[in-house]
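Take a look at the letters that make up each chain.
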Amino acid sequence: MSFEEHYQENCIFCKIARGEVPCLKVYEDQEILAFLDTSPASKGHTLVITKEHFDSMLNVPEDLLAKTFRVAQKIAQALETKLGAKGINILTNIHEIAGQSVHHFHVHIIPRYGPNDGLKLECTPLKLEKFNLPVIANDIKSSI
Ligand code: AMP
Ligand code: ZN
């Protein structure tokens, strides 16, 4: 089934993928679309989406996920060479608690222009003794 037949009625990114809502495209192929974020965190902030609706990265098939990140890589390269980005943050939010507001898989590509560009994505590390790292590593490893 194509993404045109299989979409979520009230999803803004499905509407963009179907051409029902306009966007400023920077890349498009049969399966992937990239466009400028309309509330940019910095100049050139781009979103890469699968045209097909998946609620988050957790549901995306392997080959499509790989294609999405290949497009993200190309865009990141263009942001460096064309817009003069000095660094780039690439991230995808999963679920509301992590900041996901649009529940259609997307990858943010946020170019960085200098130490005072006003963006703060860093987190303060917690005390190491709070965690039993070997147990945590094993829990994760055993369920992959
Ligand atoms: P997230 O909070 O990770 O779900 O990111 C959703 C992003 O989509 C936000 O950065 C919004 O600014 C952006 N966004 C929402 N609607 C549109 C739209 N119509 N065109 C472009 N970007 C959008
Ligand atoms: Zn959607």
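Structure: above.
Right, let's walk through the structure included here. Since this is a predicted model, take the numbers as computed values, not measurements.

1. Points about the coordination of the zinc ion (ligand 2)
So, point 1. Only Cys11 (SG), Cys14 (SG), His53 (ND1) and His104 (ND1) from the protein coordinate the zinc ion (ligand 2), and they sit 2.1 to 2.3 Å from it.
So, point 2. Because the angles between the four donor atoms bound to the zinc ion (ligand 2) fall within 104 to 118°, the donor set is best described as tetrahedral.
So, point 3. Binding-site remark: the zinc ion (ligand 2) is held by donors from one chain whose sequence spacing is C-x2-C-x38-H-x50-H. Of this pair, cysteine 11 sits in the segment before α1 (12-17) while histidine 104 sits in the loop between β4 (87-91) and β5 (106-112), placing them 93 residues apart in sequence. For the residue pair cysteine 11 and histidine 104, the accessibility class agrees, reading buried in each case.

2. Examining a nonpolar patch on the surface
So, point 1. Nonpolar side chains collect at one region of the surface, where Leu126, Leu128, Phe131, Leu133, Ile136, Ile140 and Ile144 lie side by side and expose about 740 Å² of accessible area between them.
So, point 2. By secondary structure assignment, the location of leucine 126 is in the loop between β5 and α3 (133-142).
So, point 3. Classification of leucine 126 by relative accessible area gives exposed; the value is 57%.

3. Quick word on the environment of isoleucine 49
So, point 1. Tracing the backbone through its elements, the reader meets isoleucine 49 in strand β3 (residues 46-50).
So, point 2. What makes isoleucine 49 buried here is its relative accessible area of 0%.
So, point 3. The spacing of isoleucine 49 and lysine 67 is 18 residues in sequence and 10 Å in space, taken between C-alpha atoms.
So, point 4. Here isoleucine 49 is in contact with Phe13, Ala17, Glu31, Ile32, Leu33, Phe35, His104, Phe105 and His106, once residues within four sequence places are set aside.

4. Considering the sheet that holds β3
So, point 1. Within the open sheet, the five strands sit side by side as β1-β2-β3-β5-β4. Their pairing is antiparallel. Every interior strand has two partners, whereas the edge strands, β1 (25-28) and β4, have only one. Adjacent strand axes in the sheet meet at a mean angle of 15° when their direction is disregarded.
So, point 2. Bridge count for strand β2 (residues 32-36) against β3 is five bridges, and the pairing is antiparallel. From the neighbouring strand, leucine 36 faces β3, where its bridge partner is threonine 46.

5. Considerations on the site of ligand 1
So, point 1. Close contacts around ligand 1 come from 16 residues, with Asp37, Asn93, Gly99, Ser101 and His108 the closest.
So, point 2. Between ligand 1 and the protein, one listed contact pairs a nitrogen atom with a side-chain N or O atom of threonine 38 at 3.3 Å.
So, point 3. Glycine 99 places a main-chain nitrogen or oxygen 2.8 Å from an oxygen atom of ligand 1.
So, point 4. In isolation ligand 1 exposes 510 Å². Once the protein is present, 82% of that is buried.

6. Focus: the pairing of β1
So, point 1. Of the pairings in the sheet, the one linking β1 to β2 comprises three bridges and is antiparallel in character. Its bridge partner being in β2, glutamate 28 is matched across the sheet by leucine 33.
So, point 2. Between β1 and β2, which pair antiparallel in sequence order, lie three residues.

Quick notes on the rules
Residues numbered from 1 in each chain as written. Chains lettered and ligands numbered in written order. Predicted model: local features only at pLDDT ≥ 70, side-chain atom pairs only at ≥ 80, totals over all residues. Heavy atoms only, no water. Donors = N, O, S within 2.8 Å, 3.2 Å for Na, K, Ca; no water. Tetrahedral: all angles 85-135°; square planar, octahedral: opposite > 155°, others 65-115°. Helix = DSSP H or I, 4+ residues; strand = E, 2+ residues; numbered from the N terminus. Buried < 20%, exposed > 50% of the residue type's maximum accessible area, 1.4 Å probe, protein only. Patch = residues over 30% accessible without salt bridge, like charges linked within 9 Å, V, L, I, M, F, W, Y side chains within 5 Å. Areas by Shrake-Rupley, 256 points an atom, 1.4 Å probe, with all protein chains shown as cover. Salt bridge = Lys/Arg side-chain N within 4 Å of Asp/Glu carboxyl O. Contact = heavy atoms within 4.5 Å. Pairing = 2+ DSSP bridges. Axes fitted to C-alpha atoms, helices over the stretch in contact; angles between N-to-C directions. Near = heavy atom within 4 Å. Polar contact = N/O pair within 3.5 Å; in protein donor to acceptor, adjacent residues only side chain to side chain.

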